[in-house]
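In case you want the letters, here they are:
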Amino acid sequence: MKVIIADKISERGVQLLKEQPGWNVVLTTKDNLNVEMADADALIVRSATKVTAELLELAPKLRAVGRAGVGVDNIDLEAATKRGVLVMSTPGGNAVSVAEHTFALLLALARQVPRLDKAIHEGRWEKSTAAGTEVRGKTLGLIGLGRIGSEVAVRAEAFDMRVLAYDPFISEAAAREVSVELVPLDILLAQSDFVSLHTALSPATLNLINSSTIAKMKKGARVINAARGELIDEAALAAALKSGQLSGAAVDVFAEEPPKNSPLIGLSNFIATPHVAGSTTEAQEEVGTQVAVQIKDSQRGELARTFCRSVPARAALSRAGRAPRVAGFASRGDTPGAHPHSLCGRSGRGRHAPAPQRGARRRPQCSAG
Ligand SMILES: NC(=O)c1ccc[n+]([C@@H]2O[C@H](COP(=O)([O-])OP(=O)(O)OC[C@H]3O[C@@H](n4cnc5c(N)ncnc54)[C@H](O)[C@@H]3O)[C@@H](O)[C@H]2O)c1
């Protein structure tokens, strides 16, 4: 049994695989990945390695690909499906890290932290131009109320924010559990002071923030995106930041990474970080271990456990019931009911969970596994 680890994962995860009797665990580099794939049974990647149809062609024995992280946009799911290769990711492992980073971006926008910090380093004391805005009493609109959106909602309450969410696949009860009011998208756009994106990328969400949706937003609203760059039409966002329709935007993700031609770069009311929202020591440890457990379980035939730790779209589960070698799948978040929470649970917070007693709100358990 040969497992290739193409991108760095936590030492604990590597160790767990190495402890399996008879397993050959190979930490490879980009240069010799193609050669190593020839007799590989399983492959572990993060976002750097692209699992293309060509790469899969090189690995006739390959049975599973584990993605340490959430998105599987670096994996050719169709090619994996055709070859009967199971594709797993580790949703939830970095949800708290991303939610905390969302707040870092939100507060940095509200208080212009990057601009003021830069001025200090350049020898300027810009106290008189520093009027920020409180977030208390402001409305936060969450587009997508999954693992990360829910964690953001929980934290927003501590800041005394009113939280709205648009998520067509979330039940009212699940939203109530994190004290969030579900509303149609147009209402969220019209009422929010801060709009934060937490949906998966899908045909329905591609360029969700565009000139038409921006026009529906409150004048002077701020946009935060720690989800996927392609959710925003960057040209439209840049135009809105220049015209004053939006007073600021903060993102962790770009349509092209690193951004070479983004019209947002250089705008004074735009702040950005280099796709690091999920990159904390704690999250890396968690996802590295999760992906190792998934590979171990899947190779040992413990598929049900693996699915409950990974991306158990309902379709994938039913396919798993039919055949142990399941086609590739991923949580797109765009199919009603195809949400990991509804199947594997967040210890007590299912989508159809009854609303808690007033004042007795539970925190969602977002670690998938
Ligand atoms: N910046 C980072 O480092 C980083 C790290 C982890 C995840 N992410 C991204 O964050 C996003 C959220 O991740 P998650 O783990 O919370 O996913 P999730 O699947 O738990 O939640 C996504 C939510 O989006 C909802 N959704 C689907 N289609 C929608 C639509 N058309 N409109 C509104 N909502 C819709 C789904 O119902 C779901 O509740 C994803 O895009 C993910 O790739 C980014």
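Everything below is about the structure shown above.
Residues numbered from 1 in each chain as written. Predicted model: local features only at pLDDT ≥ 70, side-chain atom pairs only at ≥ 80, totals over all residues.

Participant: Sorry if this is basic, but what is going on with the site of the ligand here?
Facilitator: Within the structure, the ligand sits among 37 residues, and Gly144, Gly146, Ile148, Phe169 and Gly278 are positioned closest to it. Among the elements of the structure, helix H5 (95–111) and helix H7 (147–158) are those that each provide at least two residues to the shell around the ligand. Counting residues per element, the shell around the ligand draws most heavily on H7, at three residues. Each of domain 1 (2–93 + 280–326) and domain 2 (95–272) contributes no fewer than three residues to the shell around the ligand. (Near = placed C-beta within 6 Å. Helix = DSSP H or I, 4+ residues; strand = E, 2+ residues; numbered from the N terminus. Domains from an automatic or database assignment.)

Participant: Mind showing me how you'd approach the nonpolar core here?
Facilitator: As a rule of thumb, nonpolar side chains are buried together in soluble globular proteins. Grouped together as the largest cluster of nonpolar side chains are 61 residues, with contacts concentrated most on Ala153, Val163, Ala165 and Leu237. Counting 34 residues, the second largest nonpolar core, distinct from the first, contains Ile5, Leu43, Leu86 and Ile295. (Core = buried A, V, L, I, M, F, W, Y, C linked by C-beta atoms within 7 Å. Buried ≥ 20, exposed ≤ 12 C-beta atoms within 10 Å, placed from the backbone.)

Participant: Help me understand the pairing of strand E3 (residues 42–45), please; the structure alone is not making it clear to me.
Facilitator: Here is the key point about a regular strand: its side chains alternate between the two faces of the sheet. The alternating pattern of E3 places Ala42 and Ile44 and Leu43 and Val45 on opposite faces, both of which are buried. Bridge count for strand E1 (residues 2–5) against E3 is three bridges, and the pairing is parallel. Bridged to Val3 within E3 is Ala42. Note: E3 against strand E4 (residues 64–67), four bridges, orientation parallel. Looking across to E4, one finds that Leu43 is bridged to Val65. (Pairing = 2+ DSSP bridges.)

Participant: Which parts of the structure should I look at to understand the sheet that holds strand E5 (residues 86–89)?
Facilitator: Strands pair in a sheet through their backbones, by hydrogen bonds, and they do so in one of two ways: parallel or antiparallel. Judged by pairing direction, the sheet is parallel, and its five strands sit side by side in the order E2-E1-E3-E4-E5 without closing on themselves. Here the strands that pair on one side only, and so sit at the sheet edges, are strand E2 (24–27) and E5. Mean inter-strand twist for the sheet, computed between neighbouring axes without regard to direction, equals 15 degrees. Relative to E2, E1 runs parallel, the two sharing four bridges. Paired with Ile5 across the bridge in E2 is Leu27. Relative to the sheet, helix H12 (residues 281–299) contacts E1, E3, E4 and E5, its axis offset from that of E4 by approximately 160 degrees. (Axes fitted to C-alpha atoms, helices over the stretch in contact; angles between N-to-C directions. Contact = placed C-beta atoms within 7 Å.)

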